[in-house]
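# Geometric and topological summary
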Amino acid sequence: PPPTALNTLSLHDALPISAGKNNLNREKLKAVQGRRVVFFPDLMAFEKWRDIVKWMPDVSVSDILERRATEADRAAGLDLADYLLREKGFER
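This text gives an overview of the structure that appears in the document.

Definitions and limits used
Residues numbered from 1 in each chain as written. Predicted model: local features only at pLDDT ≥ 70, side-chain atom pairs only at ≥ 80, totals over all residues. Heavy atoms only, no water. Helix = DSSP H or I, 4+ residues; strand = E, 2+ residues; numbered from the N terminus. Buried < 20%, exposed > 50% of the residue type's maximum accessible area, 1.4 Å probe, protein only. Contact = heavy atoms within 4.5 Å. Areas by Shrake-Rupley, 256 points an atom, 1.4 Å probe, with all protein chains shown as cover. Right-handed = clockwise from strand over helix to strand, strands pointing away. Polar contact = N/O pair within 3.5 Å; in protein donor to acceptor, adjacent residues only side chain to side chain. Core = buried A, V, L, I, M, F, W, Y, C linked by side-chain atoms within 4.5 Å. Phe/Tyr/Trp six-rings, centres within 6.5 Å; stacked < 30°, edge-to-face > 60°. Lys NZ or Arg CZ within 6 Å of the ring centre and 35° of its normal. Salt bridge = Lys/Arg side-chain N within 4 Å of Asp/Glu carboxyl O.

Scanning the protein chain from N- to C-terminus turns up six helices and three strands. Starting at the N terminus and ending at the C terminus, the protein chain contains elements arranged as α-β-α-β-α-β-α-α-α. Looking at the protein chain as a whole, 36% of its 92 residues are labelled buried. Considering only contacts in the protein chain between residues 6 or more positions apart, those separated by 24 or more positions represent 41%. For the protein chain, the accessible area works out to roughly 6,000 Å², and carbon and sulfur atoms hold 51% of it.

Here we take up the pairing of strand S2 (residues 37–41). Of all five residues making up S2, five are buried, and the element is well covered by its neighbours. Burial along S2 is two-sided: the face carrying Val37, Phe39 and Pro41 and the face carrying Val38 and Phe40 are both buried. Following the chain from S2 across helix H3 (residues 46–53) to the adjacent parallel strand S3 (residues 59–61), one finds a crossover that is right-handed.

Burial analysis of helix H6 (residues 80–87) places six of its eight residues in the buried class, the great majority of the element. Sitting at the amino-terminal end of H6 is Asp79, which places a side-chain oxygen 3.2 Å from the backbone nitrogen of Ala81. Backbone geometry just downstream of H6 places Gly89 in the positive-phi region, at approximately 90 degrees.

The biggest cluster of nonpolar side chains holds 13 residues, and the ones touching the most others in it are Leu24, Leu29, Phe39, Trp49, Val53, Val59 and Val61. Elements with a minimum of two residues in this core: S2, H3 and S3. Ranked by the residues each element gives to this core, the list is headed by H3, at four residues. Residues contacting Val61, with those up to four places away along its chain left out, are Phe39, Pro41, Phe46, Trp49, Arg50 and Val53.

The final tally for this structure, using the stated rule, is one aromatic pair. Measuring from centroid to centroid gives 5.5 Å for Phe39 and Trp49, while their planes differ by 85 degrees, and the two rings are edge-to-face. Of the two residues, Phe39 is situated in strand S2 and Trp49 in helix H3; the sequence distance between them amounts to 10 residues. Judged by relative accessible area, which is 0%, Trp49 ranks as buried. Above the face of the Tyr83 ring, Arg86 is positioned so that its terminal group lies 5.3 Å from the ring centre.

Next up on the list: the pattern of salt bridges. A side chain of one charge can pair with a side chain of the opposite charge when the charged atoms of the two come close. On inspection of all chains with the given rule, the structure shows five salt bridges. Arg67 serves as the salt-bridge partner of Asp63, at 2.9 Å between the closest nitrogen and oxygen. With relative accessibility at 28%, the residue Asp63 sits in the partly exposed group.

Dropping the structure here:
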């Protein structure tokens, strides 16, 4: 996806991060420790990511994709970039 599409997401002073279902672990979280971060996991990864970050007080995991997803979205395994592109009139 074009980086500019992801950069249009505004979360005030939080750092938005999107990554795949299996790309988050404690080692990678060290890079954002001490920062206010909001993760946007791919569909079907919300609970896994929430469990991984629960020890970090300034980190949260958004469930917006899970709440907006249709069955077709889930079957396709959409992610944040897919939704942003869709809203701009593009499809992957």
